[in-house]
Amino acid sequence: MGQAVRWEKIAREWNGRYYPAKGMGMEQKVVAARDGYLAVIGTTVRDHTGVAYAAIRFPRGGTWQSLSEAITRDPAVLKALGKKDFPRGLRKRLKVEEGLLWFDRPYLLRPGPEGLAALATAFLAVLPGHVGRFDGRCEVCRSVPVAEPVLVNGAPTYLCAGCVQAGQQEEVRAERVYASRAANPALGLLTGAGAALVGGLAWAVLAVLTGRIYSAVAIGIGALVAYAVKGAMGKVNLPGQVVTALLTLAGVFAGQVFYVAHLIQSRTGSYDLPVALQVYLQILQVKPTTELATFFFALLGVALSLSGMRRPRFRSKVERI
Ligand SMILES: [Zn+2]
C-alpha cells in the first residue's frame, strides 16, 4: 500500500481530511475533530530534520500541566509506542502547553501513519481527566456555534466567520502600523558599520592567530551586521537590506586589509593601513581568483543575513478543512 493511501485510510476512519505533501515537500497531515478535540498527525521538518508528529489541540484551561506526566505513564500510550517505559530520549519530544499537546520523533524513510494514529488515539483517551472538550463554539468569541474547524496557519481551530474577519482586519491594521513606523536609517548605518568593522577586525585577528584565512567566517560577519542593522533601524525595509549586504562585503574587505597590514608590519615594522589598502587592491586586480572563495563566502553571508532580515509576517492563512 502506498504512503498516501495509508494516510487517506486513517483520514476516512477518523472522519477527517488528508492533506498530501506538495511537490517534493515533507509537509503532509491528517486533520480530524475527534471526541471534542482536534487531532493532527503528519510529517514535517523541524530543525532541519524530518519528523513524524501527533498533535492534539484542546480548549484552554483545565489542569493541562499534569498531562505530560499522565501521558508518559499511560499504558495505552506505552503500548502504541511499543515500550514498557516512556523512553527518556522521547520525553523532550513531548511538549504540552495550554491548549496543545505535541509529540514528534525523527524518521528516516517510513513515518508509519498507523503507529502515529494509534498514539494520537491513546493521547485522546488521556485528555478528558485533565482538560475540557471543545463544545462546537468559536474559540475566540465563545458564543457563535461553528460546524467545522478551519486551519489557521495549518493548525485546526474553531473560529466563526465573524472572528476570522475581525482577526484579518486586525492583522491588516498591524501590518499598516509596521509599514508606517519610522525607521532610523542613520542609526542603522552607523551601528551596521560598527558591526562590520568589529567583524573585519575579528577576521584579521583570527587570520593572524592561525596564519590562515577562514572564508566561512564571512558568514558570521553577515549575521553580525544583519543583527546590528535590524536592531538599530527598528524595522526591516529594503534600504536596510541593501545596507546590510554592502556592509557585510565591506566588513570582509576591511578584514582582509587589516590582515595585509599585519603581514606588511611583520616585515617592515610599521602598521600602515593606506599602504595595505593599496596592496590589497593590487592583489584583487592582478590575481582576483585568489579571493574568489573569500567573496563567495561573503556573498553567502549576505544571503544568510538577509534571510534573517525578512519582514515579519502579519497575515494568517485561514483555510477550510
Ligand atoms: Zn467567534
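Please refer to the structure placed before this passage.
The rules behind these values
- Residues numbered from 1 in each chain as written.
- Predicted model: local features only at pLDDT ≥ 70, side-chain atom pairs only at ≥ 80, totals over all residues.
- Helix = DSSP H or I, 4+ residues; strand = E, 2+ residues; numbered from the N terminus.
- Rg over C-alpha atoms; globule rule 2.2 N^0.38 Å.
- Buried ≥ 20, exposed ≤ 12 C-beta atoms within 10 Å, placed from the backbone.
- Pairing = 2+ DSSP bridges.
- Axes fitted to C-alpha atoms, helices over the stretch in contact; angles between N-to-C directions.
- Contact = placed C-beta atoms within 7 Å.
- Core = buried A, V, L, I, M, F, W, Y, C linked by C-beta atoms within 7 Å.
- Expected span 1.5 Å × (residues − 1).
- Parallel < 35°, antiparallel > 145°, perpendicular 65-115°, else oblique.
- Nonpolar A, V, L, I, M, F, W, Y, C, P; charged D, E, K, R; others polar.

Draft legend 1. Quick look at the overall build of the protein. Along its length, the protein carries 11 helices and nine strands. Over its C-alpha atoms the protein spans a radius of gyration of 27 Å, topping by over 25% the 20 Å that the globule rule assigns to 321 residues. Based on the C-alpha atoms only, the size of the protein along its principal axes is roughly 80 × 50 × 35 Å. Sorting the 321 residues of the protein into buried and exposed places 32% on the buried side.

Draft legend 2. Representation of the sheet that holds strand E8 (residues 155-157) within the structure. The antiparallel open sheet is built from three strands, whose spatial order is E8-E7-E9. Since the sheet does not close on itself, it has two edges, and those belong to E8 and strand E9 (318-320), each with one partner. Within the sheet, the average angular offset between the axes of one strand and its neighbour, ignoring direction, is 35°.

Draft legend 3. View of the sheet that holds strand E4 (residues 49-57). Overall, antiparallel pairing links the six strands, which are arranged E1-E2-E3-E4-E6-E5 in an open sheet. The outermost strands of the open sheet, each flanked by one partner alone, are strand E1 (17-19) and strand E5 (94-97). Mean inter-strand twist for the sheet, computed between neighbouring axes without regard to direction, equals 15°. Helix H1 (residues 3-13) rests against E1 and strand E2 (28-34) of the sheet, and its axis sits at about 10° to E2. Relative to E4, helix H5 (residues 113-126) is tilted by about 30°, and along the sheet it contacts E2, strand E3 (37-46), E4 and strand E6 (100-106).

Draft legend 4. Broad picture of the nonpolar core. One finds Ala39, Ile41, Ala54, Ile56, Leu119, Ala120 and Phe123 to be the most contacted residues of the largest nonpolar core, which totals 35 residues. Put simply, the parts of the chain that give this core at least two residues each are H1, E2, E3, E4, helix H2 (67-73), helix H3 (75-81), E6 and H5. Per element, the largest residue contribution to this core is six residues, and it comes from H5. Among the nonpolar cores identified, the runner-up in size contains 32 residues, and Ala207, Val229, Phe258 and Ala276 belong to it.

Draft legend 5. Fine view of the environment of Gly132. Locating Gly132 in the fold gives a position in the loop between H5 and strand E7 (150-152). You can call Gly132 partly exposed: it has 15 C-beta atoms within 10 Å. Separated by 25 residues in the primary sequence, Gly132 and Thr157 have C-alpha atoms spaced 15 Å apart. Ignoring sequence-local partners within four residues, the contact set of Gly132 consists of Pro59, Gly61 and Gly62.

Draft legend 6. The arrangement of the environment of Arg311 in detail. Residue position: Arg311 is located in the loop between helix H11 (292-307) and E9. Each C-alpha atom, one on Arg311 and one on Lys235, is 7.9 Å from the other, the two residues being 76 residues apart in sequence.

Draft legend 7. Region of the structure containing unusual backbone geometry. Here the phi dihedral of Asp47 falls at roughly 50°; this positive angle occurs in a residue that is not glycine. Tracing the sequence through the fold places Asp47 in the loop between E3 and E4. We classify Asp47 as exposed; it has 6 C-beta atoms within 10 Å. Despite not being glycine, His48 has its phi angle at roughly 65°, a positive value. Tracing the chain through its elements places His48 in the loop between E3 and E4.

Draft legend 8. Structural view of helix H6 (residues 161-180). In this model H6 runs 29 Å from its N-terminal to its C-terminal C-alpha over 20 residues, within 8% of the 28 Å that 1.5 Å per residue would give. The buried count for H6 comes to zero of 20 residues, which makes it a mostly uncovered element.

Draft legend 9. Layout of the packing of helix H9 (residues 238-268) against helix H10 (residues 273-286). Packing of H9 against H10 leaves a shortest axis separation of 8 Å and a crossing angle of 110°. With respect to their mutual orientation, H9 and H10 come out roughly perpendicular. Taken together, the residues of H10 that come into contact with H9 (itself represented by Gln256, Val257, Val260, Ala261 and Ile264) are Leu273, Val275, Ala276, Leu277, Val279 and Tyr280. Split into classes, the residues belonging to the contact of H9 with H10 amount to 10 nonpolar, one polar and no charged.

Honestly, that's just the spatial picture; any functional story needs more than this.
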